[in-house]
Each structure stands twice: as C-alpha cells, then as structure tokens.
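Spelled out, the chains give:
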Amino acid sequence: MTQSGDNDRPPVRQANKRGAARLAAVQALYQMDVAGSGVFEITAEYEAFRLGKEVDGALYREADAQWFRAILAGVVENQKTVDPIIRQALTEDWPLSRLDSTLRAILRAGVYELMKRDDVPVAVIVSEYVDIAKAFYEEDEPKLVNAVLDRVSRRVRGEGRGKDAT
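So, here is what we can say about the structure in this document.

Calculation notes
- Residues numbered from 1 in each chain as written.
- Predicted model: local features only at pLDDT ≥ 70, side-chain atom pairs only at ≥ 80, totals over all residues.
- Heavy atoms only, no water.
- Helix = DSSP H or I, 4+ residues; strand = E, 2+ residues; numbered from the N terminus.
- Buried < 20%, exposed > 50% of the residue type's maximum accessible area, 1.4 Å probe, protein only.
- Contact = heavy atoms within 4.5 Å.
- Areas by Shrake-Rupley, 256 points an atom, 1.4 Å probe, with all protein chains shown as cover.
- Phe/Tyr/Trp six-rings, centres within 6.5 Å; stacked < 30°, edge-to-face > 60°.
- Lys NZ or Arg CZ within 6 Å of the ring centre and 35° of its normal.

Here we come to the overall build of the protein. Secondary structure summary: the protein contains 6 helices and 2 strands in total. In sequence order, the secondary structure elements of the protein are arranged as α-α-β-β-α-α-α-α. Expressed as a percentage of its 166 residues, the buried residues of the protein come to 41%. A sequence separation of at least 24 residues applies to 65% of the contacts in the protein between residues at least 6 apart. In the form shown here, the protein has an accessible surface area of approximately 10,000 Å², with 48% of it arising from carbon and sulfur atoms.

Below you can see the structure in the form of structure tokens.
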C-alpha cells in the first residue's frame with residue numbers, strides 16, 4: 001500500500017499550464033492598462049511572485065512561463081495591429097474604448113493568438129478566452145468575447161463556427 005502524497009497527483013497537462021498562462025497574461029495586461037506598468041516590469045513581477053505561487057491566500061496555478069511571456073510580449077508588440085482588428089469585429093455601438101480594461105485584455109490576448117499562433121486551433125483559443133471571460137463576468141461579456149473572436153478567426157484564418165452574413 002502506498003502513502004498518499006504529491007506523487008499520487010496526476011501530472012499537470014501542458015494545456016492546463018497554457019490555460020493558466022493565458023489567465024495570468026490577461027491579468028498582467030489588465031494591470032499594465034490600469035497602472036501604466038511596462039511589459040518587462042510586469043513579466044518579472046508575475047514570474048517572481050505570481051505564477052505557481054500563493055498571493056494573498058490564493059494559489060496561482062503553475063503556468064507555462066514561456067507561453068505567458070509570448071502572449072504578453074506579442075500583444076504589446078502587435079497592439080497597433082490587434083486593436084484595429086478588434087474594433088472591426090465590434091459593433092458600432094460598442095467601440096473598443098467603451099469596453100472595460102479586463103474585457104480589452106481578454107480580447108487583445110485572444111486576437112493576438114488568432115493572428116500569430118497558427119499552431120493553436122481556433123476552437124482552443126476561443127474556448128480558453130471565453131472561459132477566462134466567464135471567470136470575470138456573469139452577464140453577456142463571455143458571449144461578446146465568443147462573437148468577437150469568432151469574427152476575427154474568420155477574418156484572419158478563414159475559419160470560425162459562425163456563418164458569414166451574405
């Protein structure tokens with residue numbers, strides 16, 4: 001009979017580590033937007049004090065640090081391309097400036113991945129960022145994230161779940 005311990009836990013799948021990295025990247029992008037912090041400062045803070053660590057009694061899941069850095073740096077480097085793509089996917093009555101910082105961070109990270117990470121399936125990206133939206137919102141925001149990312153995926157990758165208006 002074996003003793004119960006850390007060895008009995010199943011290994012963390014890479015997808016879970018990427019999901020944790022996506023969530024941390026959204027939180028970091030939010031922090032950058034609200035506090036005006038720089039990407040290098042935020043990256044260092046998250047890697048030293050948050051990813052896989054306990055903060056104020058809450059345990060951050062272990063995250064793929066390389067994935068986290070890639071999303072953060074990618075959004076910052078490509079923001080002049082990412083934001084107009086988000087604006088085009090939003091309805092005219094919902095300009096990007098009207099969205100709160102958390103929603104902007106979710107959409108920026110999701111659109112960056114759709115644009116630059118062809119190795120990740122559209123369904124995975126959309127699903128992950130809709131789940132992140134559900135962690136922060138209970139109303140229509142997750143549906144908005146789904147709709148915007150679906151429109152963007154059709155535009156930048158030629159694939160999506162919805163139908164184009166004809």
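Let's shift gears to the packing of aromatic side chains. All chains considered together, the criterion is met by 1 aromatic pair. Their ring planes at 25 degrees and their centres at 5.6 Å tell us that Tyr-46 and Phe-68 sit as a pair that is stacked. With Tyr-46 in helix α2 (residues 39–49) and Phe-68 in helix α3 (residues 65–89), this residue pair connects regions lying 22 residues apart in the sequence. Given a relative accessible area of 2%, Tyr-46 falls into the buried group. With relative accessibility at 0%, the residue Phe-68 sits in the buried group. For Arg-18, the ring lying beneath its charged end belongs to Trp-67, and the centroid distance is 3.8 Å.

You can see Thr-102 is positioned in helix α4 (residues 101–116). Judged by its relative accessible area of 15%, Thr-102 falls in the buried class. Those residues in contact with Thr-102 that lie beyond four places of it in its chain are Val-26, Tyr-30, Phe-136 and Tyr-137.

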